[in-house]
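Overview (structure and organization)
Residue-level listing of the chains:
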Amino acid sequence: MLVYIIRRGLQSVVVLFLMSVLVFVGVYAIGNPIDILINPQADQQDRERAIAALGLDKPLPEQYWTFFTGALHGDFGKSFVHATPAISLILERMPATLELAFAAMLIAVVFGIPLGLWAGLRPNGIAGRTIMAGSILGFSLPTFWVGLMLIMVFSVVLGWLPSNGRGPTVDLFGLIPVSFFSVDGWRHLMLPATNLALFNVALLIRLTRAGAHEALLQDYVKFARAKGLTNRRIIGVHVLRNILIPIVTVVGLQFGALIAFAIVTESVFAWPGMGKLLIDSINVLDRPVIVAYLLIIVTMFIVINLVVDVLYSALDPRVRLTESKG
Amino acid sequence: MSEPVLRVEELRTHFFTKAGVVKAVDDVSFIVNRGEVMGLVGESGSGKSMTGYSLMGLIDPPGRIVGGRILLDGIDVIKLSGEEMRQMRGNRVAMIFQDPMMTLNPVLRIDTQMIEAIVAHRKVSAGDAHAMAAAALSKVGIPSPEERLSAYPHQFSGGMRQRVAIAIALLNKPDLIIADEPTTALDVTIQGQILYEMQKLTRETGAAVIWITHDLSVVAGLADQVSVMYAGRIVEQGTAEQVLGRPRHPYTRGLLDSVPANNARGARLKQIPGMTPSLLDLPPGCPFRERCSYAQSDCARTPLMRPLTAGQSVRCHHPLA
Ligand SMILES: Nc1ncnc2c1ncn2[C@@H]1O[C@H](COP(=O)(O)OP(=O)(O)O)[C@@H](O)[C@H]1O
Ligand SMILES: [Mg+2]
């Protein structure tokens, strides 16, 4: 187990390193931030002073080396635009994104698993068919369009919920600003979280249904019935415990994806999260923020993967984490 | 002899598929006496398992019991409500399946799977249930049962898993155990052990057994009565000595001839030519006639079950001498 974690850690470091090089070169290739940042009317001297201040006068490998040595000490550079450390800029926005992603995943789990179970138990019923048809919509409708529709219906036409921004926050543990303690916070959270959840509701419905359908055909279910167990116990324990294994995996991995794809939802609902920050930063080629953002996202993916693997081995007694497993 | 544990009368279980009606069990009648072993024999696909599932109320759509009676201690279980049926399953009638690698839930511990089978049928404390589970494991010959209770199925070999399944079946002291090819998936040496164990335990507990198998040699040493099944019907019935010693149905004869131990050394094993017919829209007449060397034109009429000698009956127009 320990060997396994160490191995995974080393692999992650390599991934992070390659990531940072790619992004560095990529942003460099897209364009010159100076063209965007500096007033076009500025004279040549001002220009050169600004370039030197940002370190952009040096050759790219040297710029990378500066970044790399800084990163080893936890310094990811300052935002070109805001002149504050990129990392704190991101961490400031992170709670909003995490809150949104958590809320979305909660919605996905609370609706997706029971609906999927229902559809799996009664595949030929009207409800089961309706659920499955609905899940296709959840897959195929583009997120931004659904977001706009939600705003149209619930904010504009019905006027029930606010269409943008985040509600008032309080500091959880005196540290992390969260908005879900107030009614107004919930009202703001509702639409974007639903929007972000939709794909995952559909995904969990499909996954749960397929799992339940398959589990019900297994001999162990027949044997459980032959023992005289109640349906409740067979579904709730024998079937659910088995399908929980793929569900946990997917929920875990999708959580990373939710954080990454929150970008679209955050833009539609003007949710002040990391995704919106990234879009803004890309617009002005604010390289330190882009690099730091991507490194954080990748780190999150890695940590989530590790947690999923550990959970997986806890849920499935047949799985033991070994070094040989990549 | 006292009233039999089980009396099955004209049981019919059909599957209503898109392609047509599959008469998996078609007019099956037999009796299982208290404490006796009834061997239910036939090639695969002949409807043995579906007969067993019918008795347990475990037939799933598109299948349905369409006729007959299943009298367990004189009460027709087909008429029971769903909840009454559940209370019967695993309590008065237990079932063991063919593949022990698949019948235990892979993600639940053995104690969980045993204790739930007890508390599904009676109120016992957690401690008592645990002790009963441990006792049941030791009874089927599993060493250090206390430790093994907290293990998972994958930590047991196939033979050991089947022992666990047997222990579970015996937990509530059922009157009848349906054993659906419980040794087919096991190594030959293990088969012998399991056979011996089952025989010993059922004798001790007085449970009657329906032993389903395609292997006549298994039935020989085990069964009191034998029913031979073909294409959803019972074609021959009698005591083990009668059916195995002097088979009267050409199909039974064919089955016996294809058992290796019954042949002289070096002699070629005889095989029954052809295959079991599809049970989908089976035409009338004797379903075995296509493969039967004794078949005559009147075999196109469906034969009925008829008694020949005391206790032995056969479904054939031209029974063997
Ligand atoms: N769900 C089903 N739909 C249609 N036919 C079925 C179904 N289940 C079983 N059968 C049919 O029932 C017949 C008897 O099967 P089974 O009792 O399992 O045979 P055995 O146990 O003797 O090998 C088979 O011919 C099979 O085609
Ligand atoms: Mg079978």
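Thresholds applied
Residues numbered from 1 in each chain as written. Chains lettered and ligands numbered in written order. Predicted model: local features only at pLDDT ≥ 70, side-chain atom pairs only at ≥ 80, totals over all residues. Heavy atoms only, no water. Helix = DSSP H or I, 4+ residues; strand = E, 2+ residues; numbered from the N terminus. Expected span 1.5 Å × (residues − 1). Bend = angle between axes of the 7 residues up to and from the residue. Buried < 20%, exposed > 50% of the residue type's maximum accessible area, 1.4 Å probe, protein only. pLDDT = per-residue confidence, 0-100. 1 Å grid on protein atoms, 1.4 Å probe; cavity = no way out; pocket = protein on both sides within 12 Å on 5 of 7 lines; lining within 4 Å. Points joined across faces, edges and corners; volume = space filled by probe spheres on them. Nonpolar A, V, L, I, M, F, W, Y, C, P; charged D, E, K, R; others polar. Domains from an automatic or database assignment. Contact = heavy atoms within 4.5 Å. Buried area = accessible area lost by both parts, 1.4 Å probe. Salt bridge = Lys/Arg side-chain N within 4 Å of Asp/Glu carboxyl O. Polar contact = N/O pair within 3.5 Å; in protein donor to acceptor, adjacent residues only side chain to side chain. Pairing = 2+ DSSP bridges. Axes fitted to C-alpha atoms, helices over the stretch in contact; angles between N-to-C directions. Phe/Tyr/Trp six-rings, centres within 6.5 Å; stacked < 30°, edge-to-face > 60°.

1. Here's the deal with helix H8 (residues 183-216) of chain A
- Along its 34 residues, H8(A) runs just 42 Å from first to last C-alpha, ending more than 12% under the 50 Å computed at 1.5 Å per residue.
- Remark: the principal bend of H8(A), roughly 40 degrees, maps to A:Ala197.

2. Here's the deal with helix H7 (residues 158-170) of chain B
All names here are of chain B.
- In this model H7 runs 18 Å from its N-terminal to its C-terminal C-alpha over 13 residues, within 8% of the 18 Å that 1.5 Å per residue would give.
- In terms of burial, H7 is a largely internal element, 12 of the 13 residues being buried.
- Listed as buried for H7 are Gly158, Gly159, Arg161, Gln162, Arg163, Val164, Ala165, Ile166, Ala167, Ile168, Ala169 and Leu170.

3. Structural notes on the confidence of the model for chain B
All names here are of chain B.
- Mean pLDDT for chain B: 90, with 97% of residues reaching 70 or above.
- Within chain B, the lowest mean pLDDT, 85, falls on helix H8 (residues 188-205), and the highest, 96, falls on helix H1 (residues 48-56).
- Model confidence for the complex is summarised by a pTM of 0.81, with the ipTM given as 0.91.

4. Observations regarding empty space enclosed by the protein
Residue and element names in this part refer to chain B.
- For the coordinates displayed, the defined rule picks out 4 cavities of 30 Å³ or more.
- In this model, the largest cavity occupies a volume close to 70 Å³.
- Cys286, Cys292, Cys299, Cys316 and His317 are, among the 13 residues lining the largest cavity, the residues nearest its centre.
- Looking at the lining of the largest cavity residue by residue, the class counts come to 9 nonpolar, 3 polar and 1 charged.

5. Comments concerning the domain arrangement of chain B
Residue and element names in this part refer to chain B.
- According to the domain assignment, chain B consists of domain 1 (6-83 + 175-315) and domain 2 (102-171).
- The centre of domain 1, based on its C-alpha atoms, is set 30 Å off from the matching centre of domain 2.
- With 10 residues of domain 1 at the contact, the number on the domain 2 side is 8 residues.
- A combined buried area of about 890 Å² lies between domain 1 and domain 2, and 72% of that area is made up of carbon and sulfur atoms.
- Counting the surface domain 1 buries against domain 2, the share from its top three residues, Ile194, Glu197 and Leu201, is 44%.
- Summed over the shared surface of domain 1 and domain 2, the number is 1 salt bridge.
- At the junction of domain 1 and domain 2, the tally comes to 3 residue pairs in polar contact (both at pLDDT 80 or more).

6. Things to note about the domain arrangement of chain A
Residues and elements named next belong to chain A.
- As far as domains go, chain A holds domain 1 (2-72) and domain 2 (90-315).
- The straight-line distance from the C-alpha centre of domain 1 to that of domain 2 is 33 Å.
- Across the boundary between the two partners, domain 1 contributes 20 residues, which contact 14 residues of domain 2.
- In total, about 1500 Å² of surface goes out of reach between domain 1 and domain 2, with carbon and sulfur atoms giving 79% of it.
- Considering only the side of domain 1, the residues that lose the most area to domain 2 are Arg8, Leu16 and Val27, jointly responsible for 29% of the buried surface there.
- In this structure, the connection of domain 1 to domain 2 is made through 1 salt bridge.

7. A few points about the layout of surface pockets
- Roughly 840 Å³ of internal volume is contained in the largest pocket.
- Lining the largest pocket are 19 residues, and of these A:Leu121, A:Leu216, A:Arg225, B:Asp60 and B:Pro61 sit closest to its centre.
- For the lining of the largest pocket, the secondary structure elements donating two or more residues are helix H5 (86-121), H8, helix H9 (219-226) and helix H10 (231-268) of chain A.
- Ranked by residue count, the leading element in the lining of the largest pocket is H9(A), at 4 residues.
- Across the lining of the largest pocket, the residue classes break down as 9 nonpolar, 5 polar and 5 charged.

8. Here we look at the pattern of salt bridges
- Scanning all chains against the criterion turns up 21 salt bridges over all chains.
- A salt bridge links B:Glu116 to A:Lys227, with the nearest nitrogen and oxygen atoms 2.8 Å apart. Of this pair, B:Glu116 sits in helix H4 (residues 110-119) while A:Lys227 sits in the loop between H9 and H10, which puts the two residues in different chains.
- For B:Glu116, a relative accessible area of 4% gives the class buried.
- Two residues, B:Asp73 and B:Arg34, come together in a salt bridge whose shortest N-O distance is 2.9 Å. Taken together, the residues B:Asp73 in the loop between strand S4 (63-72) and strand S5 (75-76) and B:Arg34 in the loop between strand S2 (20-32) and strand S3 (37-41) connect sequence positions 39 residues apart.
- A residue is classified by how much of its surface remains accessible, and B:Asp73, at 27% relative accessible area, is partly exposed.
- What emerges from the salt-bridge pattern is a single network uniting A:Lys222, A:Arg225 and B:Asp60.

9. Details of the sheet that holds strand S1 (residues 6-17) of chain B
All names here are of chain B.
- The sheet built from 4 strands is open, its strands ordered S2-S1-S4-S5 with antiparallel pairing. The sheet is open, and its two borders are formed by S2 and S5, each paired with just one other strand.
- Judged from the 10 bridges that link them, S1 and S2 form a sheet pairing that is antiparallel. The partner of Leu11 across the bridge, within S2, is Val28.
- Contacting S1, S2 and S4, H1 runs over the sheet at an angle of about 70 degrees to S2.

10. A look at the packing of aromatic side chains
All names here are of chain A.
- All told, the structure shown has 15 aromatic pairs over all chains when counted by the stated rule.
- For the ring pair Phe102 and Phe255, a centre distance of 4.9 Å and an interplane angle of 45 degrees mean the geometry is tilted. You can see Phe102 sitting in helix H5 and its partner Phe255 sitting in helix H10, a full 153 residues away along the chain.
- Both rings, one in Phe139 and one in Phe199, keep their centres 5.3 Å apart while their planes meet at 80 degrees; by these two values the pair is edge-to-face. Taken together, the residues Phe139 in helix H6 (residues 126-140) and Phe199 in helix H8 connect sequence positions 60 residues apart.
- You can call Phe139 partly exposed: its relative accessible area is 32%.
- Relative accessible area serves as the criterion here: at 35%, Phe199 is assigned to the partly exposed category.
- Put simply, the rings of Phe17, Phe24, Tyr64, Trp65, Phe67 and Phe68 pair up and form one aromatic cluster.

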